[in-house]
Amino acid sequence: MKQILPLILAIVVLASACSDQRYVAMLDHAEPLIETAPDTALALLDSIDSSRLYRGNKARYALLRSQALDKNFIDVTNDSLINIAVDYYDNSSNYRYRGMAYYYKACVCYNNGEYEQATELLIQAEEVLLKTKEYNITALTYMLLSEIYIVQYRLDDAINLINKSRHYYEMCGNKKNIVYNHLRLSKVLMIEHPADSVVCHLDRAHTLALQLNNEELLFMVENYRASFYDYIKEYDLAKATLYNAFEQYPAHTPNANDYHLLSRIYYNTGKLDSALYILDTYYAPQCQTHSDKEILSLFRSSIYSDMTDYTNAYKHLYNYMYSITESGLLQQDKSINELEKKYRTELLREKSQSLATRNTLLSVISLLVALVATLFIYLYIRQRQLRKAQYLQLHMAAQQEIGEIQSQYDTVKEQLHSQLAQKELYENALHVRIENLRTLTNISSTYESDKEKFYHHCRSYINVCNQTENSFVRDIRTIASLYCEDYVERLQSRYPDLTDEDINLACLILLGFDCVQTQILFNHKNIQSTYSKRARLRKKLGLEKDGCLEDFLSTFSHQ
């Protein structure tokens, strides 16, 4: 039994993985169909059991299904599906899916009238999508944001966004959406702009629709043109335009909006019976949404009122009032509405400014970090070059001073000629050091043309030499004490503040070695350090600034 359980578990895992892979293939097949055949894509997505998908594929399914619903003109008001995609792709490096998730979540908020949250999501979508080449979804983002601005009567801002979205439609070659873009812009311009600008965009939309040979688009253009004529009170021209469109494009199936426009034209021309007939016969059967039914009741009430049939007018007006009361949309006082719109507009503007400030701050911080890193690298390179120059200077000085050091060495050796043991000690100490210096000068000559190799070999050799420095220092101290009896002990007794380093320096000075020779013997890369050590020794010995250190130590040694 214990052997069977792992086998069963393995079979279940394998089956789940195979099932997930099969659904992934279906997602791959549905994704390109969303643009070309959205109804087929939606049917394919509906056939997938999302509960059997892993987290990443489940998020992708939620995003693609939200996109397919939108392409099929199905308004979604529940955000439970799209939230799966938003939660997964939020802060993801997949900017395409991340931007799409923000956009379709904004669509749900827009359908619910949550314009503030929709605006915030669209700004996030724009920020992410601008990092990609997803021009179509970027254009859709700007279009939806323009719809929010239209609701808030920010018409100039809406026009700018519509123009910006058209730029991205042109970049991806989406001519169909460019037609919609021109039509939407003509609708906005109709409110407070010259008629010529409206006609111009309608003509551009018509030209593009002809190029695409799309009767649905061509009819839509004529529908917008008829609506424009109705708006400027050219009712006969509006009716003729709409009827010509019906005859010229029979492939188009008239919808509720077409009949509503025709009924309104008849109403505006005083043909109330025709307006009511079209409204009841054609428009009413196609009313699907709650909003369409409200429009129907209100329009019927207006027609019956003009026909002096006040009983029916009151009945339909009552139906309209009951409908908007039931749905929570009872008309508020106009001043309160205007105040709320202004408040929301200001709030959204502040949020946009806050996001812009945050982005600017991040850019400044990134720039400062880059500058600090550049400065650090520059200082490191500069310090390395300085160390190379110091090593080079040390060995140039060694080449020049090695003769003088040898001469001084010979002088002290002669003074100690009567003391055989002391002579051998001194010879061994300085002989080793001089041989080291000769080796360094050879390194300098060998790598004279390659400063990098010179620096590397020179530093390595000095490190080896410095490991034997303690024995050299002990020898120098012994020689100095023999040269002048108890020299080191008397220095330590008279000046207890002197360090070992101070004593070593005092011994070399007593034996007649100058600053440059001292630097070379102790492998100091910078002669300035030697001068600093002499200054500290002078201060501890209580010498004045103009006092000679050599003379003082010589006098002290003979006391």
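My aim in this report is to walk through the structure given alongside it, one point at a time. (Residues numbered from 1 in each chain as written. Predicted model: local features only at pLDDT ≥ 70, side-chain atom pairs only at ≥ 80, totals over all residues. Heavy atoms only, no water.)

The next thing to look at is the packing of helix α6 (residues 115-129) against helix α7 (residues 135-151). As a packed pair, α6 and α7 sit with axes 10 Å apart at the nearest point and diverge in direction by 155°. Relative to α7, α6 is oriented roughly antiparallel. In this structure, the crossing between α6 and α7 has a hand that is left-handed. Side by side, α6 and α7 meet where Tyr 115, Ala 118, Thr 119, Leu 122, Ala 125, Glu 126 and Leu 129 of the first sit next to Ile 137, Thr 138, Thr 141, Tyr 142, Leu 144, Leu 145, Ile 148 and Val 151 of the second. (Axes fitted to C-alpha atoms, helices over the stretch in contact; angles between N-to-C directions. Helix = DSSP H or I, 4+ residues; strand = E, 2+ residues; numbered from the N terminus. Parallel < 35°, antiparallel > 145°, perpendicular 65-115°, else oblique. Left-handed = near helix turned anticlockwise from the far one by under 90°. Contact = heavy atoms within 4.5 Å.)

Attention shifts here to the pattern of salt bridges. For the coordinates displayed, the defined rule picks out 16 salt bridges. Across the pair Arg 65 and Asp 46 runs a salt bridge, and its minimum N-O distance is 2.8 Å. Residue Arg 65 is located in helix α3 (residues 55-71), and its partner Asp 46 is located in helix α2 (residues 38-46); the two are separated by 19 residues in the primary sequence. By relative accessible area, which is 21% here, Arg 65 ends up partly exposed. Overall, the relative accessible area of 42% leaves Asp 46 in the partly exposed class. A salt bridge links Asp 502 to Lys 540; the nearest nitrogen and oxygen atoms lie 2.8 Å apart. A residue pair is termed long-range when its members are at least 10 positions apart, and Asp 502 in helix α22 (residues 500-510) and Lys 540 in helix α24 (residues 527-541) qualify at 38 residues. With relative accessibility at 3%, the residue Asp 502 sits in the buried group. Connected via shared salt-bridge partners are Asp 28, Glu 31, Arg 60, Arg 96 and Glu 134. (Salt bridge = Lys/Arg side-chain N within 4 Å of Asp/Glu carboxyl O. Buried < 20%, exposed > 50% of the residue type's maximum accessible area, 1.4 Å probe, protein only.)

Okay, helix α9 (residues 175-192) next. Quick reminder: α-helices carry 3.6 residues per turn. Residues three or four places apart thus point the same way. The end-to-end C-alpha distance of α9, which contains 18 residues, comes to 27 Å, matching closely the 26 Å that a straight helix rising 1.5 Å per residue would cover. Among the residues of α9, Asn 177, Ile 178, Val 179, Asn 181, His 182, Leu 183, Leu 185, Ser 186, Val 188, Leu 189 and Met 190 are the ones counted as buried. (Expected span 1.5 Å × (residues − 1).)

Before going further, it helps to examine the packing of aromatic side chains. As enumerated under the stated definition, the model contains 14 aromatic pairs in all. For the pair Tyr 88 and Tyr 89, a centre-to-centre distance of 5.0 Å together with 90° between the ring planes defines the contact as edge-to-face. Using a relative accessible area of 5% as the deciding quantity, one classes Tyr 89 as buried. With a centroid separation of 6.1 Å and 35° between ring planes, the pair formed by Tyr 135 and Tyr 168 is classed as tilted. With Tyr 135 in helix α7 and Tyr 168 in helix α8 (residues 155-172), the pair connects residues that are 33 residues apart, well separated along the chain. Given the relative accessible area of 22%, Tyr 135 is considered partly exposed. Ring-pair connections join several aromatic residues into one group, and the members of that group are Phe 219, Tyr 243, Phe 246, Tyr 259, Tyr 277 and Tyr 282. Sitting above the plane of the Tyr 149 ring, Arg 154 keeps its charged end 4.0 Å from the centroid. Its end group placed over the ring of Tyr 224, Lys 187 keeps NZ or CZ at 5.3 Å from the ring centre. (Phe/Tyr/Trp six-rings, centres within 6.5 Å; stacked < 30°, edge-to-face > 60°. Lys NZ or Arg CZ within 6 Å of the ring centre and 35° of its normal.)

With that settled, the discussion passes to unusual backbone geometry. Unlike most non-glycine residues, Asn 91 shows phi in positive territory, near 70°. If you trace the backbone, Asn 91 turns up in the loop between α4 (80-89) and α5 (95-111). Positioned with a positive phi, Thr 308 is a non-glycine residue whose angle comes to about 60°. Examined against the element boundaries, Thr 308 turns out to sit in the loop between α15 (290-306) and α16 (310-326).

Let us now look at the packing of α24 against helix α25 (residues 549-558). Relative to each other, α24 and α25 sit at 50°, their axes nearing to 11 Å. Considered as vectors, α24 and α25 are oriented oblique to each other. Where α24 crosses over α25, the two elements pack in a sense that is left-handed. Counting all contacts with α24, which are made through Arg 534, Leu 537, Arg 538 and Leu 541, the residues of α25 involved are Leu 549, Glu 550, Phe 552 and Leu 553. Its residues assigned to classes, the contact of α24 with α25 comprises five nonpolar, no polar and three charged. (Nonpolar A, V, L, I, M, F, W, Y, C, P; charged D, E, K, R; others polar.)

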